[in-house]
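Residue-level listing of the chains:
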Amino acid sequence: MADTEPAQDGALLEVRDVAVHFGGVKAVDGISMNLQPGRIYGVLGPNGSGKSTLLGAMTRLTPMTRGAFLFEGEDYSRRPARTVHHMGIARTFQTVRLLEDRSVRDNVLLGTDTLGKNSRKEAVARVDEVLERLGIREIERVRPDELSYGMQRRVEFARAIVSRPRLLLLDEPTAGMNTSEREEIGALMRQLLAEGVTQFIVEHDVQMMVDTCDHLYAMNFGKLIAEGAPTEVVRDPAVQEAYLGKAAGRHA
Ligand SMILES: Nc1ncnc2c1ncn2[C@@H]1O[C@H](COP(=O)(O)OP(=O)(O)O)[C@@H](O)[C@H]1O
Ligand SMILES: [Mg+2]
């Protein structure tokens with residue numbers, strides 16, 4: 001697909017034939033997507049299918065081999081990673097990445113860099129609001145390494161949403177959480193959607209994806225093998241085979 005092709009109408013994020021190769025490993029191998037605003041998108045796929053690499057490329061942390069990303073029609077494929085956050089894209093990582101020697105509050109405050117130096121007051125108020133919302137206000141002085149894994153994930157989530165991103169990328173947001181914690185995160189994602197935050201989630205938990213997403217993609221070996229309505233995608237024979245295993249396909 002030519003880089004000069006006009007942007008798709010109304011797309012928040014357009015992914016154009018993106019590939020990320022690590023030597024001989026084709027981690028992402030020609031993915032195209034069109035994310036419309038105001039929806040929750042999910043990507044299913046077995047371990048090693050390229051989901052995290054795709055998120056890495058989207059945020060410009062991982063260099064890509066070919067293709068392009070357009071945010072609101074603007075090609076940012078050659079811009080440095082730090083500019084991506086300022087455009088309105090925020091993310092969480094598959095493995096929690098927090099500053100261990102700083103407080104919960106300081107970690108969340110780091111997410112406000114997009115607000116600029118003049119809005120210190122606004123940043124403080126926004127941090128308070130987000131800490132409250134995620135139920136971590138009481139532990140704002142605690143260091144992340146003293147917290148449970150589920151709590152650390154909440155802090156990371158808070159840091160991602162504090163900037164009021166228009167697109168939120170979540171890499172396995174409920175991994176390592178118990179059922180009630182998962183439900184809380186699901187509820188939070190739907191609340192954020194109501195506030196206009198488009199979301200793109202990579203997850204293993206099929207049930208959560210079906211319950212939460214408006215549209216699903218399925219990946220295997222760096223390529224898309226299915227996309228569409230969640231209940232249809234999880235029933236797709238190629239997805240059953242790749243992701244759920246043949247046995248699951250037989251019993252579904
Ligand atoms: N930095 C890297 N260098 C080399 N290979 C990598 C790197 N990151 C990921 N890979 C490989 O790319 C493939 C996709 O990995 P990943 O995107 O983490 O998959 P997923 O998130 O779907 O589990 C795997 O084969 C993995 O080993
Ligand atoms: Mg991953």
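Residues numbered from 1 in each chain as written. Chains lettered and ligands numbered in written order. Predicted model: local features only at pLDDT ≥ 70, side-chain atom pairs only at ≥ 80, totals over all residues. Heavy atoms only, no water.

1. Some remarks on the side chain of Gln-152
Among the secondary structure elements, Gln-152 is positioned in helix H5 (residues 149–161). Note on Gln-152: relative accessible area 13%, which makes it buried. Here Pro-144 takes part through its backbone oxygen, which lies 3.0 Å from a polar atom of the side chain of Gln-152. For Gln-152, the residues in contact, after removing those within four places along its chain, are Val-96, Leu-98, Pro-144, Asp-145 and Leu-147. (Helix = DSSP H or I, 4+ residues; strand = E, 2+ residues; numbered from the N terminus. Buried < 20%, exposed > 50% of the residue type's maximum accessible area, 1.4 Å probe, protein only. Polar contact = N/O pair within 3.5 Å; in protein donor to acceptor, adjacent residues only side chain to side chain. Contact = heavy atoms within 4.5 Å.)

2. A word on the packing of H5 against helix H6 (residues 179–194)
Where H5 contacts H6, the two axes come as close as 12 Å, and the packing angle between them is 10 degrees. Accordingly, the angle class assigned to the pair H5 and H6 is roughly parallel. Seen from H5, the contacting residues are Gly-150, Arg-154, Phe-157 and Ile-161; seen from H6, they are Glu-181, Glu-184, Ile-185, Leu-188, Met-189 and Leu-192. Taken together, the residues of the contact of H5 with H6 break down into six nonpolar, one polar and three charged. (Axes fitted to C-alpha atoms, helices over the stretch in contact; angles between N-to-C directions. Parallel < 35°, antiparallel > 145°, perpendicular 65-115°, else oblique. Nonpolar A, V, L, I, M, F, W, Y, C, P; charged D, E, K, R; others polar.)

3. Regarding the coordination of the magnesium ion (ligand 2)
The protein atoms donating to the magnesium ion (ligand 2) are Ser-52 (OG) and Gln-94 (OE1), with metal-donor distances spanning 2.1 Å. Residue Ser-52 is located in helix H1 (residues 51–58), and its partner Gln-94 is located in the loop between strand S6 (89–92) and helix H3 (104–109); the two are separated by 42 residues in the primary sequence. Overall, Ser-52 belongs to the partly exposed group, its relative accessible area being 28%. (Donors = N, O, S within 2.8 Å, 3.2 Å for Na, K, Ca; no water.)

4. Description of the sheet that holds strand S3 (residues 40–44)
With mixed pairing, the six strands of this open sheet are ordered in space as S6-S7-S8-S3-S9-S10. Each of the sheet's edge strands pairs with one partner strand only, and the pair in question is S6 and strand S10 (223–228). Between one strand and the next, the sheet's axes are offset by a mean angle of 15 degrees, whatever the strand orientation. In the sheet, S3 pairs with strand S9 (residues 215–220) via four bridges, with the strands oriented parallel. Looking at S9, one finds that Gly-42 is bridged to Leu-216. Lying over the sheet, H6 contacts S3, strand S7 (167–171) and strand S8 (198–202), oriented at roughly 150 degrees with respect to S8. (Pairing = 2+ DSSP bridges.)

5. Focus: unusual backbone geometry
Positive phi, close to 50 degrees, is recorded for Glu-172, a residue that is not glycine. On the secondary structure map, Glu-172 appears in the loop between S7 and H6. The phi torsion at Phe-221 lies on the positive side, around 50 degrees, for a residue other than glycine. Topologically, Phe-221 is positioned in the loop between S9 and S10. Looking at Phe-221, the relative accessible area reads 67%, which means it is exposed.

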